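Secondary and tertiary structure notes
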Amino acid sequence: MKAKFALLAVAIAMTGLTSTAYANTTCYVADPSDTPLNVRKAPVTGKVISTLDDDEEVEILSKVKAKRDKTGNAWVKIGYRVGDDYREGWVYRNYLRCD
């Protein structure tokens, strides 16, 4: 029985179905530019659906694997609040600070 669980764990790890290092992580916007961070409908070239200012709190969603652009930069799906509304979108991972 232990061997079956070990094989299952190896198979899951090999297929990348494990949760990312960002799972359920609370982060804060840390965009180095003088402009707000664009939140996109899809990674990289998706339509801009919102913007976030530095130090706004977001949560990297655990069930969505990070996407990479052509240069290997990670984009992550986030959840965030605008007033009482909960929204989701994609941002460039390097522009988030996760303590």
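In this report, the structure presented in the accompanying data block is examined. Since the model is a prediction, treat every value here as computed from it, not as a measurement.

A word on the overall build of the protein chain. The number of helices and strands found in the protein chain is one helix and eight strands. For the protein chain, the N- to C-terminal ordering of α and β elements is α-β-β-β-β-β-β-β-β. The burial tally for the protein chain puts 26% of its 99 residues in the buried class. Sequence-distant contacts in the protein chain: of pairs separated by 6 or more residues, those separated by 24 or more amount to 52%. Per element, the accessible surface of the protein chain, about 6,800 Å² overall, is 53% carbon and sulfur.

The next subject is the state of the cysteines. In this structure the tally under the stated criterion is one disulfide. Linked covalently through their sulfurs, Cys27 and Cys98 form a disulfide whose S-S length is 1.8 Å. What sets the handedness of the Cys27 and Cys98 disulfide is the S-S torsion sign, and at about 100° it is right-handed. Taken together, the residues Cys27 in strand S1 (residues 25-29) and Cys98 in the segment after strand S8 (96-97) connect sequence positions 71 residues apart. A residue is classified by how much of its surface remains accessible, and Cys98, at 25% relative accessible area, is partly exposed.

Moving on: the pairing of strand S7 (residues 85-92). As paired elements, strand S6 (residues 74-82) and S7 share eight bridges and run antiparallel to each other. In the sheet register, Arg81 faces S7, and the bridge partner there is Tyr86. Connecting the antiparallel pair S6 and S7 is a turn made up of two residues, with Gly83 showing a positive phi of about 65°.

Along the polypeptide, Asp69 turns up in the loop between strand S5 (67-68) and S6. For the buried residue Asp69, which engages in no salt bridge, the nearest side chain bearing the opposite charge is Arg68, 7.2 Å off. One polar contact links Asp69 to Thr71, side chain to side chain, over a distance of 2.9 Å. At 2.9 Å, the side chain of Asp69 forms a polar contact with the backbone nitrogen of Asn73. Other than its neighbours up to four places away in sequence, Asp69 contacts Val44 and Trp75.

Counting twelve residues, the largest nonpolar core is built from Cys27, Val29, Leu37, Val39, Leu52, Val58, Ile60, Val76, Ile78, Tyr80, Val91 and Leu96. Those elements that place two or more of their residues in this core are S1, strand S2 (37-40), strand S4 (57-60) and S6. Sorting elements by how many residues they give to this core places S6 first, with three residues. Every residue in contact with Leu96, bar those within four places of it in the chain, is listed here: Cys27, Tyr28, Val29, Ala30, Leu37, Val58, Ile60, Val76, Ile78 and Val91.

About the cut-offs
Residues numbered from 1 in each chain as written. Predicted model: local features only at pLDDT ≥ 70, side-chain atom pairs only at ≥ 80, totals over all residues. Heavy atoms only, no water. Helix = DSSP H or I, 4+ residues; strand = E, 2+ residues; numbered from the N terminus. Buried < 20%, exposed > 50% of the residue type's maximum accessible area, 1.4 Å probe, protein only. Contact = heavy atoms within 4.5 Å. Areas by Shrake-Rupley, 256 points an atom, 1.4 Å probe, with all protein chains shown as cover. Disulfide = S-S within 2.5 Å. Pairing = 2+ DSSP bridges. Lys, Arg positive; Asp, Glu negative; His and termini not counted. Salt bridge = Lys/Arg side-chain N within 4 Å of Asp/Glu carboxyl O. Polar contact = N/O pair within 3.5 Å; in protein donor to acceptor, adjacent residues only side chain to side chain. Core = buried A, V, L, I, M, F, W, Y, C linked by side-chain atoms within 4.5 Å.

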